[in-house]
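Below are the chains, spelled out letter by letter.
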Amino acid sequence: MSYFNDRLLLISDSTNSIDLFRLIDNQIIRYRFDNLTQNFIENTVTEDAFIEFNATIDEKDTIYLIHQDMSLDLILTLLNGENREVIKLTEKPIQEVYYLNLTIYRGEPHIIYFILTSKPDKEYRIYHHYFNGESWITNIVDDIKVRELLNPMKVFRTDKELIIAYYDMIEEEHIYIKTFNFYRREWKEKIKLTNNKENKLYVDFILKDNQLHMTYCQYEEGNLVVIYERLIYEDGVVKKEISRRLSNPENPQNPTVLYYEGKLWVSWVEYDNVMSCYSHDMGNSWSPIYLWNESKGKDIVRYGYHRAFPDETILNYSFGKINPDISFIGFGPTYDTTEIPLKKKAPLSFPNNLEEI
């Protein structure tokens with residue numbers, strides 16, 4: 001079994017039809033599984049994709065796909081049924097973009113990405129573009145510096161704001177969030193979420209009610225461990241409540257948090273196996289670690305996932321199989337799993353009367 005860190009996107013429309021987008025040799029291939037006709041369709045969206053692309057869907061079943069082409073222009077493609085519209089967003093080529101993100105708010109595309117501004121100093125700039133109905137607006141969100149490698153940013157949309165989490169090194173490298181208010185059309189000041197000095201990798205979070213559930217990897221005696229933190233997020237104020245080490249010190253990758261059927265799940269890949277644990281009380285306590293047996297000997301990928309009409313499930317990413325069929329792994333019934341003991345270590349925890357961040 002191998003873990004492939006390829007970009008694969010799954011999109012589900014209002015008929016529960018599934019579109020899978022995959023980048024292969026500069027081609028973005030679309031595989032559509034029509035739930036109404038039970039037909040399978042494969043076609044090529046573009047043959048001129050560079051490296052970065054992303055896609056999402058709105059409530060009218062219009063799929064928005066953004067990519068950077070081989071000339072380094074940004075191209076937005078709208079797909080709805082047989083209709084297809086291609087829009088060139090840049091007047092002239094730009095620099096190579098990293099971690100290209102796309103979300104839709106009331107028909108407005110919002111595009112966010114990194115651009116390298118100084119290779120010797122490892123400095124990057126975060127750009128935000130959105131269409132206000134008449135013209136494209138560009139914001140410089142932040143200028144950041146990285147310790148070694150650029151970590152991916154996490155983008156999460158609510159009904160009121162766009163929230164991004166990313167790393168910045170100001171003396172030390174920490175995780176920050178910054179929010180864009182859809183009504184005021186402005187970015188607020190960034191907020192530092194982490195305080196410990198250990199080096200970190202990856203970041204993922206979801207926001208449910210006023211609780212921000214975040215996960216990342218942290219170095220511990222030369223190995224990585226999965227860390228979970230719960231923070232209260234309300235009116236631009238963050239208060240840290242809980243921090244837990246969820247994994248053993250091994251080599252976990254891409255910890256991913258989601259909410260499914262009343263449980264909070266954190267899953268990750270470790271030695272090419274999918275591992276996870278869950279909390280039935282929103283992070284206060286956690287189950288044992290489960291190794292998902294069906295991941296053994298299989299090719300595993302990490303899917304990005306979007307639905308036209310989100311439900312109670314909060315699922316932005318998930319590990320899963322791609323052959324012989326598409327399926328998620330790492331959450332749900334645990335009957336085909338193996339429990340892995342967590343090596344004892346004093347848990348990281350915080351009292352409830354911590355000062356606000």
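This structure is a prediction, so every number in the text was calculated from the model and none was measured.

Regarding the sheet that holds strand E29 (residues 337-340)
Thinking step 1. A sheet is described by the order of its strands in space; here five strands give the open sequence E22-E23-E24-E25-E29, paired in antiparallel fashion. Two strands lie at the open edges of the sheet, namely strand E22 (253-260) and E29, each paired on one side alone. Here the average twist between neighbouring strands, direction ignored, is 30°.
Thinking step 2. Strand direction decides the pairing type here: strand E25 (residues 289-292) and E29, joined by four bridges, are antiparallel. In the strand pairing of E29, Tyr290 is matched with Glu339.

Observations regarding the side chain of Ser318
Thinking step 1. Residue position: Ser318 is located in strand E27 (residues 317-321).
Thinking step 2. Residues in contact with Ser318, not counting those within four places in the same chain, are Val301, Arg302, Tyr303, Phe328, Ile329 and Phe331.

So, the nonpolar core
Thinking step 1. The biggest cluster of nonpolar side chains holds 39 residues, and the ones touching the most others in it are Ile177, Leu193, Leu212, Met214 and Val266.
Thinking step 2. It is strand E20 (residues 223-234) that provides the largest number of residues to this core, a total of seven residues.
Thinking step 3. Those residues in contact with Met214 that sit more than four places away from it in its chain are Ile175, Leu193, Thr194, Val203, Asp204, Phe205, Ile227, Tyr228, Glu229 and Leu231.
Thinking step 4. Grouped together as the second largest cluster of nonpolar side chains are 21 residues, Val269, Val274, Tyr305 and Leu315 included.

Regarding the sheet that holds strand E19 (residues 211-220)
Thinking step 1. With antiparallel pairing, four strands are arranged side by side in an open sheet as E18-E19-E20-E21. Strands with a single pairing partner mark the edges of an open sheet, and in this sheet they are strand E18 (200-208) and strand E21 (237-245). Between one strand axis and the next, the sheet turns through 25° on average, direction left out of account.
Thinking step 2. Bridge count for E19 against E20 is 10 bridges, and the pairing is antiparallel. Paired with Gln211 across the bridge in E20 is Ile232.

Examining the pairing of strand E10 (residues 108-118)
Thinking step 1. The element E10 is extensively covered by neighbouring structure, given that nine of its 11 residues are classed as buried.
Thinking step 2. Relative to E10, strand E9 (residues 97-105) runs antiparallel, the two being bridged by seven bridges. The residue bridging Thr103 from the neighbouring strand is His110, located in E10.
Thinking step 3. Counting the residues that bridge the hairpin from E9 to E10 gives two residues, and of these Arg106 lies at a positive phi of roughly 50°.
Thinking step 4. Strand direction decides the pairing type here: E10 and strand E11 (residues 123-131), joined by eight bridges, are antiparallel. If you follow Ser118 over to E11, its bridge partner there is Glu123.
Thinking step 5. Hairpin remark: E10 followed by E11, antiparallel, with four residues in the connecting loop; positive phi at Lys122, about 55°.

Considering the packing of aromatic side chains
Thinking step 1. Within this structure, the stated rule accounts for 20 aromatic pairs.
Thinking step 2. On the basis of an interplanar angle of 45° and a centroid distance of 5.0 Å, the ring pair of Phe33 and Phe40 is categorised as tilted.
Thinking step 3. Look at Phe33 and you get partly exposed, because its relative accessible area is 33%.
Thinking step 4. We classify Phe40 as partly exposed; its relative accessible area is 44%.
Thinking step 5. Between Phe180 and Trp187, the ring centres sit 5.4 Å apart and the planes meet at 50°, which makes this aromatic pair tilted. This pair shows no difference in class: Phe180 is buried, exactly as Trp187 is.
Thinking step 6. Through pairs of rings, three or more aromatic residues link up here, namely Tyr105, Tyr130, Phe180, Phe182 and Trp187.
Thinking step 7. Above the ring of Tyr259, the side-chain terminus of Lys208 is found at 4.6 Å from the ring centroid.

Brief notes about the confidence of the model for the chain
Thinking step 1. Summarising the model, the chain shows a mean pLDDT of 91, and 95% of its residues fall at 70 or more.
Thinking step 2. Low confidence marks residues 349-357, where pLDDT is under 50. Its contacts with residues over four positions away, or in another chain, come to 19 contacts.

Rules used in this analysis
Residues numbered from 1 in each chain as written. Predicted model: local features only at pLDDT ≥ 70, side-chain atom pairs only at ≥ 80, totals over all residues. Heavy atoms only, no water. Pairing = 2+ DSSP bridges. Helix = DSSP H or I, 4+ residues; strand = E, 2+ residues; numbered from the N terminus. Axes fitted to C-alpha atoms, helices over the stretch in contact; angles between N-to-C directions. Contact = heavy atoms within 4.5 Å. Core = buried A, V, L, I, M, F, W, Y, C linked by side-chain atoms within 4.5 Å. Buried < 20%, exposed > 50% of the residue type's maximum accessible area, 1.4 Å probe, protein only. Phe/Tyr/Trp six-rings, centres within 6.5 Å; stacked < 30°, edge-to-face > 60°. Lys NZ or Arg CZ within 6 Å of the ring centre and 35° of its normal. pLDDT = per-residue confidence, 0-100.

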